[in-house]
Amino acid sequence: DDLAHRDPVTGLFNRHAAMAHLGTLVGGRRARSFSVVSIDLDDFKLINDTLGHAVGDDVLQQVASRLQAGLRPGSFACRFGGDEFVVICPCPEGYAQPAMYLQLVRQALAITPPPEAPDLELSGSVGVSRHPQDATDVPGLLQASDIAMYVAKQRGKNQMAAFEPWMRERTEQWLQTANDLRGALRRGELRLHYQPRSEEHTSELQSQSTISYAVFCLKKK
């Protein structure tokens, strides 16, 4: 039965075990204060694509081992899928300092580079949600930490963000914009314009190949 709750690559608990653990925490009679920390390895796909999945698995195993070693008592770590990890941390004082999570993640990512890539450095984007402040159910907590993690990636990766209500609206706007652009592209409603730019002081046109930029406009119907 334990095998059904363990990730075969890293040995950490898997998504199913994490969902069950979260369900136990939110289903208790007393409202427990804890944080859900979503960790996504930045550009991990490049490791698998360029160095192979064996090296990728070794990296995941190192991250999992270091993550497990850095956990505080009562914390729970799992590989949620792919290159995403989730850590559930109790917060006896209501809300642990975000710097604690960032330190935990950076320690986990300080792996020994594989021989195939001796200069490899890992970074990760981290999102944090809190119970009961941000959500009181399992889907809501996971969605909030995911949204915060996505915001961290948008800030340039290797960042951490704690969920705030405005992030949900911003993410929905990003999704709507992306859907609108895909639809406009499919319907042929986009035009591409190149606009040369000139030097402010000399008014000389600069090289169009290096300074031009594209402006996408919706065609008027």
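Just above sits the structure.
Residues numbered from 1 in each chain as written. Predicted model: local features only at pLDDT ≥ 70, side-chain atom pairs only at ≥ 80, totals over all residues. Heavy atoms only, no water.

Caption draft 1: Geometry of the pairing of strand 3 (residues 84–90). Among the seven residues that make up strand 3, six are buried, leaving the element largely enclosed by the rest of the structure. Here seven bridges tie strand 1 (residues 34–41) to strand 3, and the two strands are oriented antiparallel to one another. Bridging across to strand 3, Val37 finds its partner in Val87. Inspection of the sheet shows strand 2 (residues 76–81) paired to strand 3 by five bridges, in the antiparallel sense. (Buried < 20%, exposed > 50% of the residue type's maximum accessible area, 1.4 Å probe, protein only. Helix = DSSP H or I, 4+ residues; strand = E, 2+ residues; numbered from the N terminus. Pairing = 2+ DSSP bridges.)

Caption draft 2: How the structure looks around the sheet that holds strand 5 (residues 160–162). Pairing is mixed across the open sheet formed by five strands, whose spatial order is 2-3-1-4-5. Edge positions in the sheet fall to strand 2 and strand 5, since each has one partner strand and no second. Across the sheet, the mean angle from the axis of one strand to that of its neighbour is 20 degrees, orientation sign disregarded. As defined by bridge partners, strand 1 adjoins strand 4 (residues 124–131) across eight bridges and the pair is classed as antiparallel. When the bridges of strand 4 are listed, Phe34 appears paired with His131. Packed onto the sheet, helix 3 (residues 53–69) meets strand 1, strand 2 and strand 3 and runs at close to 5 degrees relative to strand 3. (Axes fitted to C-alpha atoms, helices over the stretch in contact; angles between N-to-C directions. Contact = heavy atoms within 4.5 Å.)

Caption draft 3: The arrangement of the side chain of Ser123 in detail. Mapped onto the elements of the fold, Ser123 is located in the loop between helix 4 (98–109) and strand 4. Engagement of the side chain of Ser123 in a polar contact is seen with the side chain of Asp42, the distance being 2.8 Å. Not counting the four nearest positions on each side in its chain, Ser123 is found in contact with Asp40, Leu41, Asp42, Leu109 and Asn158. (Polar contact = N/O pair within 3.5 Å; in protein donor to acceptor, adjacent residues only side chain to side chain.)

Caption draft 4: Region of the structure containing the side chain of Ser125. Position of Ser125 among the secondary structure elements: in strand 4. Residue class for Ser125 comes out buried when judged on its relative accessible area of 0%. A polar contact is formed between the side chain of Ser125 and the side chain of Asp42, at a distance of 2.7 Å. With residues near it in sequence (within four places) discarded, Ser125 still touches Ser38, Ile39, Asp40, Asp42, Met149, Ala152, Lys153, Lys157, Asn158 and Gln159.

Caption draft 5: Focus on the packing of aromatic side chains. Taken as a whole and judged by the stated rule, the model has one aromatic pair. With a centroid separation of 4.8 Å and an interplanar angle of 15 degrees, the aromatic rings of Phe13 and Phe76 are classed as stacked. Of this pair, Phe13 sits in the segment before helix 1 (15–26) while Phe76 sits in strand 2; the two residues are 63 residues apart in sequence, bridging distant segments of the chain. Here the guanidinium or amino end of Arg6 rests over the ring plane of Phe13, the centre of that ring lying 3.9 Å away. The side chain of Arg15 reaches across the aromatic face of Phe80, ending 4.2 Å from its centre. (Phe/Tyr/Trp six-rings, centres within 6.5 Å; stacked < 30°, edge-to-face > 60°. Lys NZ or Arg CZ within 6 Å of the ring centre and 35° of its normal.)

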